Amino acid sequence: MYLSILILPLLGSIVSGLMGRKIGVSGSHIITCTCLILSSILASVAFYEVGICGSPLSIHLNSWIDSEFLSISWEFLFDQLTDCSMFIPVLYISSLIHIFSTDYMSEDPHNQRFFSYLSLFTFFMLLLVSGANYFVMFVGWEGIGVVSYLLINFWFTRLQANKAAILALTMNRVGDMGLSIGFFALFALFGSIDYATVFSLAPFMNETAITIIGLLLLTGAMAKSAQIPLHSWLPGSMEGPTPVSALIHAATLVTAGLYLLVRSSPLLEYSSTALLVITLVGASTAFFAATCGLVQNDLKRIIAFSTISQLGYMVMAVGLSQYNVALMHVVNHAFFKALLFLGAGAVIHSFADQQDVRRFGGLINFLPFTYTCMLVGSLSLLATPYLTAFYSKDLIIELAYAQYSFSGTYAFILGSLTAGLTAFYSFRLISLVFLTVPNGSRNAYLNAHEANLAVIIPLFILALFSIFFGFVFSDLFVGIGSDFFANSLFIHPNNISIIEAEFSLPIFIKLLPAILSLFGASLAILLYHYTPNFVIELTDNSIGRKIYTFLNGKYLFDVVYNNYIISGGLHLGYMISKVLDRGVIELVGPYGLSNTLTNTGINIGKLDTGVVTTYSLYITLGLLSLLFLVFAPILIDTSLFSEIRLVIIYLAALVLVLSPSLK
């Protein structure tokens, strides 16, 4: 049963991709959706067996690499972390997105290819979270990287989609490089890359080594989970179809980096330095993305920045050693962010494929159901009390304060500010798309309509999850004393601050994020719905324009990358190819060697002149050389080059013979 959870999406993908002509569009829809729904049902059973009943298992298939110390096998681990925290959101959301896509992509000529990629992506994601060693995980990791490229580049005739896909792939290569070096370091230190071996030996290892490994694993997670400075691929990846944005860049791919960090909790817990760096990176990313989201105008890009911001919260929670809270937020975020993206897709589709939020307005009367779903998603994103995200996002901020340390306070301040900014840009989106005066074309409004059932059902289910999931499951995941995760997570006793956060914080600290959210949301509605002139006048003076440009240019990260790093790299490559490869290596390599030998032969041939006096000169020179060799020890101190006298003579002769040709 457990293996069929993995195999079903792969089968669906293979059938849809390789037999697309035979089964047709509807066949591809039916097969992939059926496979994923079956897989979801099995995962729910697995959740009951593994999670509720507490009986994790591992499945050993066969040996993969067996070389001296290194033995890696195809082995899968189904424990609380795999089953509950990753299988459930990945499979549920993936199934819903497949159903959503049957309608959303119905006009597209390449349905079979699309569904094949989607199912393949799901398979690799499941492989990633269920591998029992770092290598099986890495297979899934690289797989989702490749399929992500294929899906962003799905409309491969669009130049912008090509560029976005290449950017996503290359930026993830940077993280993969760090991750690979991390695996080498793990093997060098532990002699194994099985989770069980590595984690049981971690407490006895050198802390510096653990820190280096932790930071290398963080590099991989930073690229996949879009943390500063490897974040700039994620907003670009909105070029793919909307279901892709929802599946990859909201629910699944971006949580792979988080999964890696959480799975490695027994390692990270023994390196305070790595945890400090993780906290600072996460908090900075959360704040950075929220400020950038304030001024974006593309509907999907606003949600993309909100994703980066929420990922920052999760990474921050990992850095504060609260792995279960980070996981809870991963799952919660998956549901409400998928809801937001699918809602945005429904809006874009019903409104003549328009994505600029300045071109919408007044859609609440045309798309009431979609509006309700977007509102639920936004409210959940703001951590409105008793909605899903409230149980994880507010808890992360409280736990940050309860650390009473520099990194904790830093995370608390930035986390609280980010909560306010999040509320602002979420309601800016709601206001501009649904509430304000209509700004679109007349035709678009005449044709605006609610989508059909294939879109409404996924939205409805995701909305239910976004409202109730946190309330139902919060005690299981993050309740005080809940032993749900058993041995799949490890929190060092020194780092447990949940009691502190729950029972001894001042009420003002607990309410601060909620107050700021309420303030941000109200301000956005006020500014964009009632007094829009104020916002326009902000950019009338030069400082307003400068700030706007800075935020709209995403802190000018792309400019720095293009002008300094990328162009420097290209220039270096040009120099190496021209000077080193074509120049130096050719001169001392085969070309230079053969030339020298040929020329030497020709020059020696020229010595044969047929003039007797020249021959007598050669004889005299030979005699002098011989005499020098014999009497050199008397004339000069030869202790240095007693053995290499002949070589020196020959080299000198070669130089003398070559000298005519060099002129």
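Residues numbered from 1 in each chain as written. Predicted model: local features only at pLDDT ≥ 70, side-chain atom pairs only at ≥ 80, totals over all residues. Heavy atoms only, no water.

Mind showing me how you'd approach the overall build of the protein chain here?
When helices and strands are counted, the protein chain shows 28 helices and two strands. Structurally, the protein chain occupies a C-alpha span of about 110 × 60 × 60 Å along its principal axes. Scored against the burial criterion, the 663 residues of the protein chain give a buried share of 52%. Intrachain contacts of the protein chain at a sequence separation of at least 6 include 80% that bridge at least 24 residues. (Helix = DSSP H or I, 4+ residues; strand = E, 2+ residues; numbered from the N terminus. Buried < 20%, exposed > 50% of the residue type's maximum accessible area, 1.4 Å probe, protein only. Contact = heavy atoms within 4.5 Å.)

In this structure, what is going on with unusual backbone geometry? I would like to understand it.
A negative phi angle is the norm for most residues apart from glycine, just as the trans form is the norm for most peptide bonds. Here the bond from Ile228 into Pro229 is cis, since omega is 5°, no more than 30 degrees from zero. Turning to its location among the elements, Pro229 is positioned in the loop between helix 8 (207–224) and helix 9 (233–236). The phi dihedral of Glu68 falls on the positive side, at around 50°, and the residue is not glycine. In this structure, Glu68 sits in the loop between strand 1 (57–67) and strand 2 (70–78). Given the relative accessible area of 80%, Glu68 is considered exposed.

Is there a simple way to think about the UniProt feature "domain: NADH dehydrogenase subunit 5 C-terminal" (unreviewed entry) in the protein chain in this case?
In the numbering used here, UniProt assigns the "domain: NADH dehydrogenase subunit 5 C-terminal" (unreviewed entry) feature to residues 425–628. The span residues 425–628 is 77% helix and 0% strand, and its two end C-alpha atoms sit 90 Å from each other. (UniProt positions renumbered as here; feature names shortened; annotations may be inferred.)

Would you explain the nonpolar core in this entry?
Where a protein is soluble and globular, its nonpolar side chains tend to be buried together. Within the largest apolar cluster, 195 residues are counted, with the highest numbers of intra-cluster contacts made by Tyr134, Met137 and Leu267. Element by element, the count of residues in this core is highest for helix 15 (residues 323–350), at 19 residues. Residues contacting Leu267, with those up to four places away along its chain left out, are Tyr134, Leu186, Phe190, Val198, Phe199, Ala202, Ile210, Ile213 and Leu217. (Core = buried A, V, L, I, M, F, W, Y, C linked by side-chain atoms within 4.5 Å.)

Can you help me understand the domain arrangement of the protein chain in this one?
Accessible area lost on assembly of the parts is the figure often given for the size of an interface. Along its sequence, the protein chain is carved into domain 1 (2–552), domain 2 (555–587) and domain 3 (589–662). Between the C-alpha centres of domain 1 and domain 3 the distance comes to 74 Å. (Domains from an automatic or database assignment.)

Any chance you could explain the pattern of salt bridges here in plain terms?
Between side chains of opposite charge, a pair can form when the charged atoms approach closely. Applying the stated criterion to the full structure yields seven salt bridges. Notably, a salt bridge pairs Glu239 with Arg158, separated by 2.7 Å at the nearest N-O pair. Taken together, the positions of Glu239 in the loop between helix 9 and helix 10 (242–251) and Arg158 in the loop between helix 5 (134–152) and helix 6 (159–190) put the pair 81 residues apart, joining distant regions of the chain. Residue Asp356 pairs with Arg358 through a salt bridge whose shortest N-O separation is 2.9 Å. For Arg358, a relative accessible area of 45% translates into the label partly exposed. (Salt bridge = Lys/Arg side-chain N within 4 Å of Asp/Glu carboxyl O.)

Explanation requested: helix 17 (residues 390–402) in the structure shown.
Owing to its 3.6 residues per turn, the α-helix brings residues three or four apart onto one side. Over its 13 residues, helix 17 extends 17 Å from the first C-alpha to the last, a length consistent with the 18 Å expected when each residue adds 1.5 Å. Among the 13 residues that make up helix 17, 11 are buried, leaving the element largely enclosed by the rest of the structure. Of all the positions in helix 17, only Tyr391, Ser392, Lys393, Asp394, Leu395, Ile396, Ile397, Glu398, Leu399, Ala400 and Ala402 are classed as buried. Looking one or two residues beyond helix 17, the residue adopting positive phi is Tyr404, at roughly 50°. (Expected span 1.5 Å × (residues − 1).)

Could you clarify how one ought to interpret the pairing of strand 1 in this entry?
By the bridge criterion, nine bridges tie strand 1 to strand 2 in an arrangement that is antiparallel. Residue pairing across strands places Ile65 opposite Ile72, the latter belonging to strand 2. What sits between strand 1 and strand 2 in their antiparallel hairpin is a turn of two residues, with Glu68 showing a positive phi close to 50°. (Pairing = 2+ DSSP bridges.)

Honestly, the environment of Leu217 in this entry has me stumped. Any pointers?
Here Leu217 is to be found in helix 8. Sequence spacing of Leu217 and Glu450 is 233 residues, and the spatial spacing of their C-alpha atoms is 45 Å. If we skip the residues at most four places from it in the chain, Leu217 touches Tyr134, Leu179, Phe183, Leu260, Ser264 and Leu267.

Would you explain the packing of helix 5 against helix 11 (residues 253–263) in this entry?
Think of two packed helices as two axes; the pair is described by the angle between the axes and how far apart they sit. Relative to each other, helix 5 and helix 11 sit at 160°, their axes nearing to 10 Å. Taken together, the axes of helix 5 and helix 11 lie roughly antiparallel to each other. Relative to helix 11, the crossing made by helix 5 is left-handed. In contact with Tyr134, Met137, Trp141, Ile144 and Ser148 of helix 5, helix 11 contributes Leu253, Ala256, Gly257, Tyr259 and Leu260. Split by residue class, the contact of helix 5 with helix 11 holds eight nonpolar, two polar and no charged. (Axes fitted to C-alpha atoms, helices over the stretch in contact; angles between N-to-C directions. Parallel < 35°, antiparallel > 145°, perpendicular 65-115°, else oblique. Left-handed = near helix turned anticlockwise from the far one by under 90°. Nonpolar A, V, L, I, M, F, W, Y, C, P; charged D, E, K, R; others polar.)

Could you clarify how one ought to interpret the packing of helix 18 (residues 406–435) against helix 22 (residues 507–530) in this entry?
It is at 7 Å that the axes of helix 18 and helix 22 come closest, and there the two elements cross at 30°. Judged by the angle between their axes, helix 18 and helix 22 are roughly parallel. Here helix 18 and helix 22 pass one another in a crossing that is right-handed.

What is the right way to read the packing of aromatic side chains from this model?
For any pair of aromatic rings, the description rests on two quantities: the centre-to-centre distance and the angle between the ring planes. A complete count under the given rule lists 44 aromatic pairs for this structure. Here Phe123 and Phe124 contribute two aromatic rings whose centre-to-centre distance is 5.4 Å and whose plane-to-plane angle is 50°, an arrangement assigned as tilted. There is no split in this pair, since Phe123 and Phe124 are both buried. Relative to Tyr555, the ring of Phe550 has its centre 4.8 Å away and its plane inclined at 20°; by these criteria the two rings are stacked. By relative accessible area, Phe550 is classed as partly exposed at 37%. A network of ring pairs unites the aromatic residues Phe47, Tyr92, Phe335, Phe465, Phe469, Phe473, Phe477, Phe484 and Phe485 as a single cluster. (Phe/Tyr/Trp six-rings, centres within 6.5 Å; stacked < 30°, edge-to-face > 60°.)

Mind showing me how you'd approach helix 16 (residues 368–381) here?
An ideal rise of 1.5 Å per residue puts 20 Å on 14 residues; helix 16 measures up with 20 Å between its terminal C-alpha atoms. Buried residues along helix 16 sit in contact with helix 14 (299–319), helix 15, helix 17, helix 18 and helix 20 (453–478). Phi turns positive one or two residues past the end of helix 16, at Ala383, with a value near 60°.

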